[in-house]
Amino acid sequence: MRFGWCLLWTFALAGCASQPVIAPHGVVSNNPCIDSVLAQIALPGQVSAVSIYSHDPDSASAPLAWARQLPAIGISAEELLLARPNMVLTGNLASSGTNAVLSRAGIKTVALGVAPTIADDMHHIRTIAAALGRGDAGEALISDIQESLPSTPFSGPAVSAIIWQNGGFVAGKGTLQDELLARHGFRNASAQYGLSSWGILPLETLMRNPPVVIFMPTHKSGSDIRDMRARQKLLAYLDGRTRIIDFPERLLFCGGPTIIKVSSILSKTRAHFYQDRP
């Protein structure tokens, strides 16, 4: 066993010499959605490492400046064991065996799946806060999220809309994003294209029967340039028929504080259609 650990340390030092050292015996997160919650509720020094995705401005849900003060870590059992944490906060990786490895090593693991509703997301926040002993901070974040949401339902007919991301990725029925659309007076148009839950919607299909509002990224970055050129054609074709609202891809997958940002976009957009918003 000692030889195995020596090998792990040797590989770590050889391949990661330029990486910041992860302080042992702390809290490690390898999930960008969890990182966004930790940024709001964790005490200084309580978090030892965050997800590698939180160091990337295109995928980070946590504030980039906060995340980059901390070392980044991936999802492999080897990386997590080498970090020597007291606790790992992670996505639902049980099927990969990573969590089982951590358990055998005596490392406490809190695994959270994707929250399909606002209520489930708030339960996740409470779970993270309880694990850190930061219950009051968790409740304060939940209060901020609740205040960002409409307090009463919108009157009048719902406005058809879709959240359409790079590669045609769409959040359909039964997702957190679907509930957020409904709470703000929108009808998720994904069902009219035969999509359920998460799915892919081709550009040609969308252009033949567009909704009233399309929430999508409108700024190119990296490998998304080709997709953005197609979107530019869409913008020209739908000019005056459909409202295109900038919706960065990093807002699509997480709840927590991200809900506040999404709610702001949806509220401002909805105000263009009705004056009786709460």
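Each value, and the rule that gives it
Residues numbered from 1 in each chain as written. Predicted model: local features only at pLDDT ≥ 70, side-chain atom pairs only at ≥ 80, totals over all residues. Heavy atoms only, no water. Helix = DSSP H or I, 4+ residues; strand = E, 2+ residues; numbered from the N terminus. Buried < 20%, exposed > 50% of the residue type's maximum accessible area, 1.4 Å probe, protein only. Contact = heavy atoms within 4.5 Å. Areas by Shrake-Rupley, 256 points an atom, 1.4 Å probe, with all protein chains shown as cover. Pairing = 2+ DSSP bridges. Disulfide = S-S within 2.5 Å. Axes fitted to C-alpha atoms, helices over the stretch in contact; angles between N-to-C directions. Parallel < 35°, antiparallel > 145°, perpendicular 65-115°, else oblique. Left-handed = near helix turned anticlockwise from the far one by under 90°. Nonpolar A, V, L, I, M, F, W, Y, C, P; charged D, E, K, R; others polar. Right-handed = clockwise from strand over helix to strand, strands pointing away. Salt bridge = Lys/Arg side-chain N within 4 Å of Asp/Glu carboxyl O. Core = buried A, V, L, I, M, F, W, Y, C linked by side-chain atoms within 4.5 Å.

## Digging into the overall build of the protein
Inference 1: Broken down by element type, the protein carries 11 helices and 11 strands.
Inference 2: In the protein, which comprises 278 residues, the share counted as buried stands at 47%.
Inference 3: Across the protein, contacts joining residues at least 24 apart in sequence account for 65% of those joining residues at least 6 apart.
Inference 4: Looking at the protein as shown, the accessible area adds up to about 13,800 Å², and 55% of this sits on carbon and sulfur atoms.

## Some remarks on the pairing of strand β6 (residues 159–163)
Inference 1: In terms of burial, β6 is largely enclosed, as 5 of its 5 residues are buried.
Inference 2: Every second residue of β6 is oriented toward a common face, with Val159, Ala161 and Ile163 on one face and Ser160 and Ile162 on the other, all of them buried.
Inference 3: The pairing of β6 with strand β8 (residues 186–188) spans 3 bridges and is classified as parallel. The residue of β8 that forms the bridge with Ser160 is Arg187.
Inference 4: Across 3 bridges, β6 lies against strand β10 (residues 213–216) in parallel orientation. When the sheet's bridge partners are listed, Ile163 is paired in β10 with Phe215.

## Concerning the state of the cysteines
Inference 1: All chains considered together, the criterion is met by 1 disulfide.
Inference 2: Here Cys33 pairs with Cys254 through a disulfide, and the sulfurs are 1.9 Å apart. Between Cys33 and Cys254 the sulfur-sulfur dihedral comes to about -80 degrees; the bridge is accordingly left-handed. With a gap of 221 residues between them, Cys33 in helix α2 (residues 32–41) and Cys254 in the loop between β11 (243–246) and α11 (257–270) connect regions that are remote in the sequence.

## Quick look at unusual backbone geometry
Inference 1: Even without glycine at this site, His25 takes up a positive phi of about 65 degrees.
Inference 2: With respect to the helices, strands and loops of the structure, His25 is situated in the loop between α1 (2–15) and β1 (27–29).
Inference 3: Overall, His25 belongs to the exposed group, its relative accessible area being 53%.

## Focus: the sheet that holds strand β4 (residues 87–91)
Inference 1: The strand order across the open sheet formed by 5 strands is β3-β2-β1-β4-β5, and the pairing between neighbours is parallel. Edge positions in the open sheet fall to β3 (72–73) and β5 (108–112), since each of these has one partner strand only.
Inference 2: Against the sheet, helix α6 (residues 118–132) makes contact with β1, β4 and β5, and its axis sits at roughly 170 degrees relative to β5, the strand it touches most.

## A short note on the packing of helix α8 (residues 176–183) against α11
Inference 1: The N-to-C vectors of α8 and α11 enclose an angle of 40 degrees; their axes lie 10 Å apart at closest approach. Judged by the angle between their axes, α8 and α11 are oblique. Of the two possible hands of crossing, α8 and α11 adopt the one that is right-handed. Where α8 approaches α11, its residues Leu176, Leu180 and Leu181 are matched on the opposing element by Ile259, Val262 and Leu266.
Inference 2: Residues belonging to the contact of α8 with α11 are distributed by class as follows: 6 nonpolar, no polar and no charged.

## Overview of the pairing of strand β2 (residues 47–51)
Inference 1: Counting buried positions over the 5 residues of β2 gives 5, a clear majority of the element.
Inference 2: In terms of strand pairing, β1 meets β2 through 2 bridges, oriented parallel. Across the sheet, Val28 pairs through a bridge with Ala49, a residue of β2.
Inference 3: Where the polypeptide runs from β1 across α2 and back to β2, its parallel neighbour, the crossover connection is right-handed.
Inference 4: Examined bridge by bridge, β2 and β3 share 2 bridges and lie parallel to one another. Each residue of the ladder has a partner; that of Ser51, found in β3, is Ile73.

## Quick notes on the pattern of salt bridges
Inference 1: One pass over the structure, following the stated rule, counts 3 salt bridges.
Inference 2: Residue Lys173 pairs with Asp178 through a salt bridge whose shortest N-O separation is 3.7 Å.
Inference 3: Lys173 sits in the partly exposed class, given a relative accessible area of 40%.

## Regarding the nonpolar core
Inference 1: Ranked by internal contacts, the top residues of the largest apolar core, which has 44 residues, are Leu38, Leu89, Ile128, Leu132, Leu180, Phe186 and Phe215.
Inference 2: The dominant element in this core, judged by the number of residues it contributes, is α6, at 7 residues.
Inference 3: Excluding residues that lie within four positions of it along the chain, Leu180 makes contacts with Ile118, Leu149, Ile259, Val262 and Leu266.
Inference 4: In terms of nonpolar packing, the next biggest core, distinct from the first, is built from 15 residues, Ile162, Trp164, Leu201 and Leu234 among them.

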